[in-house]
Amino acid sequence: MGIVLLVASAAVVAAAVVTGLVRAGRREAQAERTRLAGEARRRARRSLDAVWAMDDRQFEEYVAELCRRDGCTDVRRVGGAGDLGADVTGRLPDGRRIVIQCKRYAKHRTVGSRDLQTFNGTARAEHRADVPVFVASCVFTRPAREFAARHRLCLIDVDLLGFWNGGTALTSFLDLDIGRSGTNRRLHPEHD
């Protein structure tokens, strides 16, 4: 009887130690995930400084490269005079045709609904886009976001661009409710 009690006590103590170690490991893993997410946000913000220093053509190449990284195929930078609103074209991993309009503006600027109306008028009709995407290095005005939501345009503003640059896949942004997300507040020219 004494041996059974001793074995049972040892089992309870061992289970308590293992449970404590598992909990400590989970807390440590969560802390590491939080630390890595913060570091990714800081890296993305630093790299956005490089985006604001790019010229328009470099920005279009940068967006095309992000598309390639995320598994898009037949990606081409086609922007320039007479591009009719298509700066980057290609195919998403699922085969849908993507047409992207790029606007590399200073961080304190905004993109308004007029730019989106123009893009909407050509993206599907002229370029046969299944998924029209508008990428900007700044924010979209509230009327622009509302227009995009009504016409099923995907908007990637400076905040989402930071996440995209940080490794979030393009396909993660395609179904966001842009009419209810994001911000229309301009960043201060010296904002970090």
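Residues numbered from 1 in each chain as written. Predicted model: local features only at pLDDT ≥ 70, side-chain atom pairs only at ≥ 80, totals over all residues. Heavy atoms only, no water.

### Thoughts on helix H5 (residues 158-165)
This is how the line gets drawn: Type-normalised accessible area, obtained with a 1.4 Å probe on protein chains alone, sets the label of each residue: buried when under 20%, exposed when over 50%, and partly exposed for intermediate values. Only DSSP runs of H or I covering at least 4 residues are called helices, and only runs of E covering at least 2 are called strands; the numbering of each starts at the N terminus. Counting of polar contacts relies on pairs of N or O atoms within 3.5 Å, with two restrictions inside protein: one atom must be capable of donating a hydrogen and the other of accepting it, and residues adjacent in sequence are counted only when both atoms are side-chain atoms.
Residues Val158, Leu160, Leu161, Gly162 and Trp164 constitute the buried set of H5. Sitting at the amino-terminal end of H5 is Asp157, which places a side-chain oxygen 3.1 Å from the backbone nitrogen of Asp159. One or two positions beyond H5, positive phi appears at Gly167, with a value near 120°.

### Notes on helix H4 (residues 142-150)
Put simply, the test is: Here the arc refers to the directions that run from the helix axis out to each C-beta atom. Should any heavy atoms of two residues lie within 4.5 Å, those residues are considered in contact.
Taken together, the buried positions of H4 are Ala144, Arg145, Phe147 and Ala148. Each buried residue of H4 lies within a common arc of 160° when the element is viewed along its axis, so the set occupies one face. Taken together, the buried residues of H4 touch strand E4 (110-111), helix H3 (113-123), strand E6 (139-140) and strand E7 (154-156). Phi turns positive, to about 55°, at Arg152, one or two residues after H4.

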